[in-house]
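What follows is each chain in one-letter form.
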Amino acid sequence: MKNISILGSTGSIGRSTIEVVRRYRDKFKIIGLSAKSNIELLLKQIEELSPEIVAVTDEETARALRKRVKVEVLSGTEGLIAVATHEKADFVLSAIVGAAGLIPTLSAIRLGKTIGLANKETLVIAGKIVTEEAKKHSARIIPVDSEHSAIFQCLENRKTSEVRRIILTASGGPFRGRSKKELKSVKVEEALRHPNWKMGAKITVDSATLMNKGLEVIEAHWLFGLSPEKIEVLIHPESIIHSMAEFTDGTILAQLSRPDMKAPIAYALSYPERLSNVVEPLDFKSLRSLTFELPDREAFPCLDLACTALKEEGTFPAVLNAANEVAVEAFLKERIGFNDIPLLIKKVLDKHQKRPCNTIEEVLEADAWARKEAEKEIRSMR
Ligand code: NDP
Ligand code: MG
């Protein structure tokens, strides 16, 4: 039996994780759950799964929840850390959205727990610290992001020196094929209509701007120890090939399945074993074709902004991520337009003076600085 804590249990990944746990109850038990504001769903999850510990963001919500359930309810970052580090939890599914996932995930790593990592922002902003701490404490990080799960499966038991390049596939999002001019006036609801995946609002907008793929390039760099030149991006609108690895002999391995996050979630949970019948198998007769094209880096500048931040290193990836979080939220609230997202991030990056990024304090400082600058830029844009 594997004991699991889920950080962000009410989100898209959190809910899919619970679906997997529900189907394989003989293998998994839930120890901890956390949510920010969706208390009604959290209550249902508590009733169904009887966790030992629960965390919510604010203390007022925690107090209200304590009156309704018997379980221990904590709040704030301390609450998230308590869920992540509970002594009974062997496995922490990290599925909070944004930089808020870093501290609890890192605290589980420092106790040597196995991490199922969906919260890519953790590696984007603090990849060096997180991977070093994981090594030091023998904590395994198993990717949940579908592309990285694919690469993880393709590279298993192979030497990094034999990898010529990896190819991260991308659906291209709802605006694939549109010009920069056409993107100017797109609406929030159009950006939230992803063609293949049903995800939280932030990552759905990131997919529309291609920032998601940029963040994934940085995530892949830290997960697989590959230099940025060895990480390529290819648009594959059908989302059947989840990513590929090419080896020195010219051979390419790819991982395929229907686009369903339960597949990478289940693989992370059960690794190194595989569960039976997680997703419907592919029906090759009904697959008309698998198509590929290069990303349009001019219409979607976020991809290059992320690749540049990775090459610049230091505090640049943390600044990129924070500026993006502020920009996406502003877009969702209709304070800025779609094309303002890359514009805003670039302005903040251009202003930034690179600093070393060897401690969590340095990461958090860069994050806070970038949020403030991004907010200033938004005000000056209106
Ligand atoms: P959602 O927005 O659907 O869920 C986010 C979860 O985190 C919810 O439980 C939410 O609580 C909680 N949460 C949000 N903000 C905070 C905060 N500041 N502090 C504590 N908890 C918070 O996101 P997704 O599930 O789509 O994504 C989660 C992560 O997984 C992201 O990093 C994303 O990039 C990554 N990912 C997601 C994929 C997907 O298919 N969805 C695919 C690959 C990666 P509440 O519900 O109460 O607001
Ligand atoms: Mg992905």
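Above this note sits the structure.
Keep in mind the model is a prediction, meaning the values are calculated, not measured. (Residues numbered from 1 in each chain as written. Chains lettered and ligands numbered in written order. Predicted model: local features only at pLDDT ≥ 70, side-chain atom pairs only at ≥ 80, totals over all residues. Heavy atoms only, no water.)

A. Seen up close, the overall build of the protein chain. Of regular secondary structure, the protein chain possesses 16 helices and eleven strands. Here the protein chain has a C-alpha radius of gyration of 20 Å; the compact-globule value for 382 residues is 21 Å, and the two agree. The buried share among the 382 residues of the protein chain stands at 55%. Working note: accessible area of the protein chain is about 17,400 Å², and carbon and sulfur atoms make up 49% of it. The protein chain carries 56 positive and 53 negative side-chain charges, and their two centres are separated by 2 Å. (Helix = DSSP H or I, 4+ residues; strand = E, 2+ residues; numbered from the N terminus. Rg over C-alpha atoms; globule rule 2.2 N^0.38 Å. Buried < 20%, exposed > 50% of the residue type's maximum accessible area, 1.4 Å probe, protein only. Areas by Shrake-Rupley, 256 points an atom, 1.4 Å probe, with all protein chains shown as cover. Lys, Arg positive; Asp, Glu negative; His and termini not counted. Charge placed at Lys NZ, Arg CZ, Asp CG, Glu CD.)

B. Layout of the sheet that holds strand 9 (residues 231–235). The four strands lie next to each other as 9-8-10-11, forming an open sheet whose pairing is mixed. Of all strands in the sheet, those bounded by a partner on one side alone are strand 9 and strand 11 (252–256). Each strand of the sheet is rotated relative to its neighbour by a mean of 20 degrees, with strand direction disregarded. By the bridge criterion, four bridges tie strand 8 (residues 163–170) to strand 10 (residues 241–247) in an arrangement that is antiparallel. Bridging across to strand 10, V163 finds its partner in F247. Each of strand 8, strand 10 and strand 11 is contacted by helix 7 (residues 146–155), which is oriented at about 40 degrees to strand 10, the strand it contacts most. Set on the sheet, helix 11 (residues 211–224) makes contact with strand 8 and strand 9; between it and strand 8 the angle comes to about 145 degrees. (Pairing = 2+ DSSP bridges. Axes fitted to C-alpha atoms, helices over the stretch in contact; angles between N-to-C directions. Contact = heavy atoms within 4.5 Å.)

C. Up close: the pattern of salt bridges. Inspection of every chain in the model, using the stated rule, returns 35 salt bridges. Where E325 meets R371, a salt bridge forms, and the shortest distance between an N and an O atom there is 3.1 Å. With a gap of 46 residues between them, E325 in helix 14 (residues 316–332) and R371 in helix 16 (residues 360–381) connect regions that are remote in the sequence. The partly exposed category is assigned to R371, whose relative accessible area is 26%. Ionic pairing is found between E377 and K347, a salt bridge with its closest N-O pair at 3.9 Å. Of the two residues, E377 is situated in helix 16 and K347 in helix 15 (residues 340–351); the sequence distance between them amounts to 30 residues. Exposure remark for K347: the relative accessible area of 35% places this residue in the partly exposed category. Among the charged side chains, a network of salt bridges with common partners joins K120, D145, E147, K213 and E216. (Salt bridge = Lys/Arg side-chain N within 4 Å of Asp/Glu carboxyl O.)

D. Quick peek at the coordination of the magnesium ion (ligand 2). Distances from the magnesium ion (ligand 2) to its protein donors, namely D145 (OD), E147 (OE) and E216 (OE), fall within the range 2.1 to 2.2 Å. Sequence spacing among the residues donating to the magnesium ion (ligand 2) works out to D-x1-E-x68-E. E147 carries the same exposure label as D145, and that label is buried. (Donors = N, O, S within 2.8 Å, 3.2 Å for Na, K, Ca; no water.)

E. Quick look at the site of ligand 1. What surrounds ligand 1 is a group of 24 residues, the closest being T10, S37, N38, E121 and G200. Residue composition of the shell around ligand 1, grouped by class: ten nonpolar, ten polar and four charged. (Near = heavy atom within 4 Å. Nonpolar A, V, L, I, M, F, W, Y, C, P; charged D, E, K, R; others polar.)

F. How the structure looks around helix 16. Compared with an ideal rise of 1.5 Å per residue, which puts 22 residues at 32 Å, helix 16 spans 31 Å between its outermost C-alpha atoms and is within 8% of the ideal. Taken together, the buried positions of helix 16 are occupied by I360, V363, A366, D367, A370, E373, A374, E377 and I378. Mapping the buried residues of helix 16 onto a view down its axis gives an arc of 160 degrees, with all of them on the same face. Across from the buried face of helix 16, at angles greater than 90 degrees, the exposed residues are E361, E365, K372, R379 and S380. Contacts made by the buried residues of helix 16 are with helix 5 (102–109), helix 6 (121–136), helix 14 and helix 15. (Expected span 1.5 Å × (residues − 1). Arc of directions from axis to C-beta.)

G. A look at the packing of helix 11 against helix 14. Relative orientation of the contacting elements helix 11 and helix 14 amounts to 155 degrees, with a least axis distance of 12 Å. Of the possible angle classes, the one that applies to helix 11 and helix 14 is roughly antiparallel. As helix 11 packs across helix 14, the resulting crossing turns out to be left-handed. The residues of helix 14 that touch helix 11, namely those facing M211, L215 and I218, are P317, L320, N321 and N324. (Parallel < 35°, antiparallel > 145°, perpendicular 65-115°, else oblique. Left-handed = near helix turned anticlockwise from the far one by under 90°.)

H. Quick peek at unusual backbone geometry. Residue Y271 is joined to P272 through a cis peptide bond whose omega torsion reads 5 degrees. Note that P272 resides in the loop between helix 12 (262–270) and helix 13 (302–312). In this structure, S50 is a non-glycine residue whose phi angle is positive, near 45 degrees. Note that S50 resides in the loop between helix 2 (39–49) and strand 3 (53–56). Overall, the relative accessible area of 48% leaves S50 in the partly exposed class. For N157, which is not glycine, the phi torsion reads 60 degrees and is therefore positive. Within the secondary structure, N157 sits in the loop between helix 7 and strand 8.

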